[in-house]
Number of protein chains: 2
Amino acid sequence: MQAPIILTGDRPTGKLHIGHYVGSLRQRVEAQHHYRQFVMIADLQALTDNGHDPARVSGNVLEVMADYLAAGLDPAKTTFCLQSALPALPELTSYYLNLVSVARLERNPTVKAEIQQKGFERSLPAGFLVYPVSQAADITAFRATHVPVGEDQLPMLEQANEIVRRFNALVGREVLTECQPILSDTGRLPGIDGKAKMSKSLGNTIELGMSEEAIRQAVFAMYTDPNHLRVSDPGQVEGNTVFAYLDAFHPDKALVAEMKAHYRRGGLGDMRCKQLLNDCLQSLLAPMRARRQQALADRGELLRLLRQGTEQARIITAAVLAEVKDAMGLNCFP
Amino acid sequence: MQAPIILTGDRPTGKLHIGHYVGSLRQRVEAQHHYRQFVMIADLQALTDNGHDPARVSGNVLEVMADYLAAGLDPAKTTFCLQSALPALPELTSYYLNLVSVARLERNPTVKAEIQQKGFERSLPAGFLVYPVSQAADITAFRATHVPVGEDQLPMLEQANEIVRRFNALVGREVLTECQPILSDTGRLPGIDGKAKMSKSLGNTIELGMSEEAIRQAVFAMYTDPNHLRVSDPGQVEGNTVFAYLDAFHPDKALVAEMKAHYRRGGLGDMRCKQLLNDCLQSLLAPMRARRQQALADRGELLRLLRQGTEQARIITAAVLAEVKDAMGLNCFP
């Protein structure tokens, strides 16, 4: 039995926010104690839909590294690496691309949904169409056994495992390793405006490094129940962003349940709820902000940490590439 | 002005034959005296439509190297290299894929024709669809200024130059170099059976390393004018494979012109024409066969030559990749 290995990561297109914290960073902080964990800054993948704006990608690499340290990822337990500095990944991609049909890629539900969402249609960059193959390269290059994903990303893992089975069948032995998903049990955190998607471009996020004042403003501007006009009115908890956040962040579940009941029957004002949420977020984010500032005060050290992990990753991924090439007989210069 | 650089090569899917000699090898032997010339064994590209049979590709790498030496390419003048041993190429491909739309690739006339010819349709491997992008990576990674192609391959160079212009515009400076075609003035040599395409799978080729007896048999089995039954009959020169080959190979153009006239008016038998062609091919191929045998007698030396050229190519292509990454700001670990 192979020891479990997690591969996960983020596209460096902006600073990370509390949506990332709830959806993945928190789990990674926990997982780093139990798994060999690689966290990859996926700049190559970020370019597949930011090909026109590479500066947006390159400019966010160290921001994301700082966010990782801020969230509590520990370089002694988690290996950080930079995708574009791992040449084995595009090499593996180039081999895997021959094992997947264009029709199969076009059928990928995740890619289909994203193409629609991003409004690509005929201008779809080729890199975007083939990015599931590039993800298969990432996953297999680390021999990842576990990949944390949301439901919507499951087809990507299916595609990766299909390539694994196809390659192993082709060469007649188990060169590559299949992976399994770790499904997140938390739903997606809504934006502070109540919109389903939290995104920097919508300006509805709370970033990990936000100032105390900016957090306070965000919380007090938060979308609640628009029909809850007077404190005495009964209010709605469903679709109320403040309660969604309290559910996600407040450690005292009983207190939150009691407040929900109170809010529903009337007599609990939005301000009191927001005050509680503000206290909770401030105490969560204050140490993150401090760690983030500290990290960014020494960019050389941040870069050194990333480089150190990338060097480890380079050795691991190069070894898998060598096995793949060897299995195909393409090992002229071993 | 940049010194002219040629990039050319072959997909190692079989031994090279006299069709390759007429169409490209002969020109390369000449060009190596005037250009910096890189000849790449394109095993990655060969896999785009041989993904199911990597052994066919890997098994022909040294055969093709031997063919190169047989044809007269000189390792002191021409740099040989192996595509799969140049990691900068798939890396560049992964960046360029974001600059080309799927629709643009689907419109590529060369790819369209090849898809039809190979009967891919819905099973089209993704690697095959994107191979023009991979070729753009090859060409730009060597800063090739000149690429020898047939008419049917011109769209590939257009695609490469489009990527060059797009990338340079994106980063605001001339990082990549456009290339121009060197169009071959010789038409395609027909197979010995008179079919338009000479191919190993049709069994209608004369390989550079064929034995004297096999060449003789191939020449005497050659397709001529099926209506030229008696020596005294007038014969047709057009579509007559023996004359196509005499045009391609016989050094004495006046003699060939005279024979054509004689054949047309009647009185010249196929046997005499074939005898002349046989003499001509035997004297062309005898020294090639000898060099080929000598080359294959020391596979270690062949491999050493290929590795030595590949090392040079690796330095050159890595430098171009570094410039490309630098221009995009993706140079965290320079």
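Refer to the structure printed above.
Residues numbered from 1 in each chain as written. Chains lettered and ligands numbered in written order. Predicted model: local features only at pLDDT ≥ 70, side-chain atom pairs only at ≥ 80, totals over all residues. Heavy atoms only, no water.

## Quick word on the pairing of strand S5 (residues 180–183) of chain B
All names here are of chain B. Examined bridge by bridge, strand S4 (residues 146–149) and S5 share four bridges and lie parallel to one another. Across the sheet, the residue bridging to histidine 146 is glutamine 180, located in S5. The handedness of the S4 to S5 crossover, carried by helix H10 (residues 154–171), is right-handed. (Pairing = 2+ DSSP bridges. Helix = DSSP H or I, 4+ residues; strand = E, 2+ residues; numbered from the N terminus. Right-handed = clockwise from strand over helix to strand, strands pointing away.)

## Some details on the environment of alanine 261 of chain A
You can see alanine 261 of chain A is positioned in helix H13 (residues 253–265). Overall, alanine 261 of chain A belongs to the partly exposed group, its relative accessible area being 34%. (Buried < 20%, exposed > 50% of the residue type's maximum accessible area, 1.4 Å probe, protein only.)

## What to know about the relation of the copies chain B and chain A
Each copy of the sequence occupies a distinct position, and chain B is placed on chain A by a rotation of 180° and an axial shift of 0.0 Å, giving an RMSD of 0.0 Å. Both chain copies can therefore be described as sitting about a two-fold axis. Relative to the rotation axis, the closest C-alpha in chain B is found at proline 90 of chain B, a distance of 2.7 Å. Interface overlap between copies is the fraction of interface residues in one copy that are interface residues in the other; for chain B against chain A it reaches 100%, indicating a shared surface. (Least-squares fit on C-alpha atoms with pLDDT ≥ 70 in both. Contact = heavy atoms within 4.5 Å.)

## Considerations on the interface of chain B and chain A
Contacts between the two partners involve 48 residues from chain B and, on the opposite side, 48 residues from chain A. When the two sides are added together, the surface that chain B and chain A hide from each other amounts to roughly 3,900 Å², 69% of it contributed by carbon and sulfur. Summed over the three residues of chain B that lose the most area to chain A, namely Asn98, Cys332 and Phe333 of chain B, the buried surface amounts to 17% of that side. One can count zero salt bridges joining chain B with chain A. (Buried area = accessible area lost by both parts, 1.4 Å probe. Salt bridge = Lys/Arg side-chain N within 4 Å of Asp/Glu carboxyl O.)

## Structural notes on the pattern of salt bridges
This structure, assessed with the given rule, holds 34 salt bridges over all chains. Salt-bridge contacts for arginine 292 of chain B lead to glutamate 63 of chain B; the nearest nitrogen and oxygen are separated by 2.8 Å. Remark: glutamate 63 of chain B occurs in helix H4 (residues 61–71) and arginine 292 of chain B occurs in helix H14 (residues 270–297); sequence separation between them is 229 residues. Of the two residues examined, arginine 292 of chain B and glutamate 63 of chain B, each falls in the buried class. The partner of arginine 143 of chain B in a salt bridge is glutamate 323 of chain B, and the shortest N-O contact between them spans 3.2 Å. Separated by 180 residues along the polypeptide, arginine 143 of chain B in the loop between helix H9 (131–141) and S4 and glutamate 323 of chain B in helix H15 (residues 299–327) bring together distant segments of the chain. If you follow the salt bridges from partner to partner, you end up with Glu63, Asp67, Arg292 and Arg299 of chain A in one network.

## A short note on helix H12 (residues 241–249) of chain A
It helps to recall that an α-helix has 3.6 residues per turn; residues three or four apart then point in one direction. All names here are of chain A. Counting buried residues in H12 gives seven out of nine residues, a clear majority hidden from the surface. Here H12 has its buried residues at Thr241, Val242, Phe243, Tyr245, Leu246, Ala248 and Phe249. Packed against the buried residues of H12 are helix H1 (18–31), H13 and helix H14 (270–297). The N-capping residue of H12, defined by a side-chain oxygen 3.1 Å from the backbone nitrogen of valine 242, is asparagine 240. (Polar contact = N/O pair within 3.5 Å; in protein donor to acceptor, adjacent residues only side chain to side chain.)

## Details of the packing of aromatic side chains
Residue and element names in this part refer to chain A. Throughout the structure, instances matching the rule amount to ten aromatic pairs over all chains. Taking the centre distance of 4.9 Å and the plane angle of 65° together, the rings of phenylalanine 243 and tyrosine 263 count as edge-to-face. With phenylalanine 243 in helix H12 and tyrosine 263 in helix H13, the pair connects residues that are 20 residues apart, well separated along the chain. Taking relative accessible area as the criterion, tyrosine 263 reaches 0% and is therefore assigned buried. (Phe/Tyr/Trp six-rings, centres within 6.5 Å; stacked < 30°, edge-to-face > 60°.)

The values reported here are purely geometric and, on their own, carry no functional implication.
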